[in-house]
Amino acid sequence: MPEFGWADAVRQAREATGYAGEDIPRTVDAVRGRLRANRREEFDQELGTLDAGGAFEAFLNHWWTQALADTALDSEARELAIEFADLTVALRVRAEGGPTYTSVEVEQMIARKAS
């Protein structure tokens, strides 16, 4: 059976949610470029505290979701973008059999790295 990748998760989540918003690659540069200007400093600070691994993946998932929300045209589109992002991440994590983190857990990991 072929591996279930990020593109598969995005496609499946788009179909399930009806999300038709902007396609933002889940990369540091793409995410940073689509964040509102007032969020970029926080993004850069958090990025500087991370190593590779689970904390980095959780960080990128969080900020990818924020970038999708920041590009939404109105509150309804923002809610749909967040629903789409949450489902995409959940599908990918489930396929990998990896751990899931709450936003509180992500913030705690970042705070530990910063101290």
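Residues numbered from 1 in each chain as written. Predicted model: local features only at pLDDT ≥ 70, side-chain atom pairs only at ≥ 80, totals over all residues. Heavy atoms only, no water.

## Observations concerning the side chain of Thr 88
Point 1. With respect to the element layout, Thr 88 can be found in helix 5 (residues 75-96).
Point 2. Sequence-distant contacts of Thr 88, defined by excluding residues within four places in its chain, comprise Trp 6, Ala 9, Val 10, Ala 13 and Trp 64. (Helix = DSSP H or I, 4+ residues; strand = E, 2+ residues; numbered from the N terminus. Contact = heavy atoms within 4.5 Å.)

## Details of helix 1 (residues 6-17)
Point 1. The terminal C-alpha atoms of helix 1, which comprises 12 residues, lie 16 Å apart, in line with the 16 Å expected from a rise of 1.5 Å per residue.
Point 2. By the burial criterion, the buried members of helix 1 are Ala 9, Val 10, Ala 13 and Thr 17. Along the axis of helix 1, the buried positions cluster into a sector of 100 degrees, meaning they face one direction only. Of the residues in helix 1, the exposed ones pointing more than 90 degrees away from the buried face are Ala 7 and Glu 15.
Point 3. Where helix 1 is buried, its residues touch helix 5.
Point 4. Phi turns positive, to about 80 degrees, at Gly 18, one or two residues after helix 1. (Expected span 1.5 Å × (residues − 1). Buried < 20%, exposed > 50% of the residue type's maximum accessible area, 1.4 Å probe, protein only. Arc of directions from axis to C-beta.)

## Some details on the environment of Gln 66
Point 1. With respect to the secondary-structure elements, Gln 66 resides in helix 4 (residues 54-71).
Point 2. You can call Gln 66 buried: its relative accessible area is 14%.
Point 3. Between the C-alpha atoms of Gln 66 and Arg 32, which are 34 residues apart in sequence, the distance is 9.9 Å.
Point 4. With residues up to four places along the chain from it excluded, the contact list for Gln 66 reads Leu 35, Arg 39 and Arg 78.

## Some thoughts on the environment of Arg 14
Point 1. Mapped onto the secondary structure, Arg 14 falls in helix 1.
Point 2. On a C-alpha basis, the gap between Arg 14 and Ala 81 in space is 9.7 Å, while along the polypeptide they are 67 residues apart.
Point 3. Apart from residues lying up to four places away in sequence, Arg 14 is in contact with Tyr 19, Ala 20, Gly 21, Glu 22, Asp 23 and Phe 84.

## Here's the deal with the pattern of salt bridges
Point 1. Under the criterion given, the structure shown has 7 salt bridges.
Point 2. The residue Arg 26 makes a salt bridge to Glu 57 at a minimum N-O spacing of 2.5 Å. Placement of Arg 26 in the loop between helix 1 and helix 2 (28-34) and of Glu 57 in helix 4 is noted, with a sequence separation of 31 residues between them.
Point 3. Here the salt bridges do not stand alone but share partners, grouping Asp 8, Arg 11 and Glu 15 into one network. (Salt bridge = Lys/Arg side-chain N within 4 Å of Asp/Glu carboxyl O.)

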